[in-house]
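# Coordinates in review
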Amino acid sequence: MPSEEALAPGATRRSLIVGAAAAGAAVAGATVIGAADATAAERRHAGDAAAHKSEGKRTMTNGKTEDGFVTAKDGASIYYKDWGPRDAQTVMFHHGWPLSADDWDAQMLFFLNHGYRVVAHDRRGHGRSTQTANGNEMNTYADDVLAVVAGLGLKNVFHVGHSTGGGEVARYLGRHGTSRAGKAALLGAVPPIMVKTEANPGGLPLEVFDGFRAALAANRAQFFRDIPSGPFYGFNRDGAKVSQGVIDNWWRQGMMGGTKAHYDCIKAFSETDFTEDLKKIDIPVLVMHGDDDQIVPIADSALLSSKLLPKGTLKVYKGFPHGMATTHAETINADLLAFFKA
């Protein structure tokens, strides 16, 4: 049975998410597509040309093993970072939309310095991975995770997923089982399901996510300024300590990815139902959520998903925003470390 370490009133999602989408949609203009880094593109092409197995093949870069690519079963190249002792406990990080593995900088350095092996990948269509036109949905995302895990020969992995990445973790463990996993943590995660349905009356109307798509198509570059400047990190709250560097880094990561993949991923994170996945996960899972999360408010996410997990533990953070792993990294890192060591 899940335990609840703290309780807080659940905030509604609608007004704040609609506001974020409307802010982006209000700016008319041509869609901006981020230019891929030339070196990364060359490496992606090399990965695409390589033979691959159904579970993914690791692609080496100049003989180095610190980072590289695995080739997914459809030929897409999935970028990953892999730091730390190969015989150490592995922690694998799964980023949110529309970001990249770089969003875990504060966590990867922390756990690397504590003796862990840390792995993070760029979801297909995001960051340095292939900007695919197809496969931008949760089943394929989960298969890509397996490609990385199998390609690197990882076992007993501790999976940490934020937002969309939390959904990715749930679908990976539900779809491929827990034989290669030891524990998992879901931070500000989208499960069980975001959109309003007959079975999920507390969810958001589909029109909210249509607003996201309209904003992205109208002016992705501006939309990707508005989100981190406002609700994502709680910078729209009175007294918030705003970091322009954090805003710029969010924008940088978002613009590295492909607009088609980002567009498709909105459906993936909002309409995928992870209920049955959560019920199948038989390893310990820590559900971490801020009670001032304006992107994935707690009432229809963590408070529900923690009850569906056979071995779930809920930890609520008073006043923390959606991007709490960045704004409150010291607290989040310490709690993750304690959970891993327990």
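Everything numeric in this text was worked out from a predicted model, so none of it was measured.

### Considerations on the overall build of the protein
When you go through the protein residue by residue, the secondary structure sums to 12 helices and 10 strands. Counting all 342 residues of the protein, 58% fall into the buried class. Across the protein, the fraction of contacts at a sequence separation of at least 24, relative to all contacts at a separation of at least 6, is 77%. As displayed, the protein has an accessible area near 13,100 Å², and 54% of this comes from carbon and sulfur atoms.

### Brief notes about helix α5 (residues 164-176)
In this model, α5 (13 residues) spans 18 Å end to end at C-alpha, consistent with the 18 Å of a helix rising 1.5 Å per residue. Taken as a whole, α5 has its buried residues at Thr 164, Gly 165, Gly 166, Gly 167, Glu 168, Val 169, Ala 170, Arg 171, Tyr 172, Leu 173 and Gly 174. Gly 177, located one to two residues past α5, shows a positive phi value of around 85 degrees.

### Quick look at unusual backbone geometry
Between Trp 97 and the following residue, Pro 98, the backbone shows a cis peptide bond with an omega angle of -5 degrees. Checked against the element boundaries, Pro 98 lands in the loop between β5 (90-94) and α3 (105-113). The backbone of Asn 156 sits at a positive phi, close to 50 degrees, despite the residue not being glycine.

### Considerations on the packing of aromatic side chains
Applying the stated criterion to the full structure yields 23 aromatic pairs. Ring centres of Phe 212 and Phe 269 lie 6.5 Å apart, and the angle between their planes is 75 degrees; on these two criteria the pair is classed as edge-to-face. Pair noted here: Phe 212 is in helix α6 (residues 206-229) and Phe 269 is in helix α8 (residues 259-271), with a separation of 57 residues, a long-range link. Given a relative accessible area of 6%, Phe 269 falls into the buried group. Note that Arg 123 overlies the ring of Tyr 141, its terminal NZ or CZ placed 5.4 Å from the centroid.

### Quick word on the environment of Leu 216
In this structure, Leu 216 sits in helix α6. Among the residues examined, Leu 216 registers a relative accessible area of 1% and is labelled buried.

### Digging into the side chain of Thr 90
Mapped onto the secondary structure, Thr 90 falls in strand β5. Each residue touching Thr 90, except ones within four places of it in the same chain, is listed here: Arg 117, Val 119, Leu 154, Asn 156, Val 157 and Phe 158.

### A look at the packing of α6 against α8
Where α6 contacts α8, the two axes come as close as 10 Å, and the packing angle between them is 155 degrees. By the angle between their axes, α6 is roughly antiparallel relative to α8. Note on packing geometry: the crossing formed by α6 with α8 is right-handed. Two secondary-structure elements touch here, α6 through Leu 206, Phe 209, Phe 212, Arg 213, Leu 216, Arg 220 and Phe 224 and α8 through Thr 259, His 262, Tyr 263, Ile 266, Lys 267, Phe 269, Ser 270 and Glu 271. Residues of the contact of α6 with α8, tallied by class, amount to 8 nonpolar, 3 polar and 4 charged.

### Topic: the packing of α6 against helix α7 (residues 244-256)
With their axes 9 Å apart at the nearest point, α6 and α7 run at an angle of 140 degrees to one another. Classified by the angle their axes make, α6 and α7 are oblique. Pair α6 / α7 crosses with right-handed handedness. Here α6 contributes Arg 220, Ala 221, Phe 224, Arg 225, Ile 227, Pro 228 and Ser 229 to the contact with α7, which in turn contributes Ile 247, Asp 248, Trp 250, Trp 251, Gly 254 and Met 255. Residues belonging to the contact of α6 with α7 are distributed by class as follows: 8 nonpolar, 2 polar and 3 charged.

Parameters at a glance
Residues numbered from 1 in each chain as written. Predicted model: local features only at pLDDT ≥ 70, side-chain atom pairs only at ≥ 80, totals over all residues. Heavy atoms only, no water. Helix = DSSP H or I, 4+ residues; strand = E, 2+ residues; numbered from the N terminus. Buried < 20%, exposed > 50% of the residue type's maximum accessible area, 1.4 Å probe, protein only. Contact = heavy atoms within 4.5 Å. Areas by Shrake-Rupley, 256 points an atom, 1.4 Å probe, with all protein chains shown as cover. Expected span 1.5 Å × (residues − 1). Phe/Tyr/Trp six-rings, centres within 6.5 Å; stacked < 30°, edge-to-face > 60°. Lys NZ or Arg CZ within 6 Å of the ring centre and 35° of its normal. Axes fitted to C-alpha atoms, helices over the stretch in contact; angles between N-to-C directions. Parallel < 35°, antiparallel > 145°, perpendicular 65-115°, else oblique. Left-handed = near helix turned anticlockwise from the far one by under 90°. Nonpolar A, V, L, I, M, F, W, Y, C, P; charged D, E, K, R; others polar.

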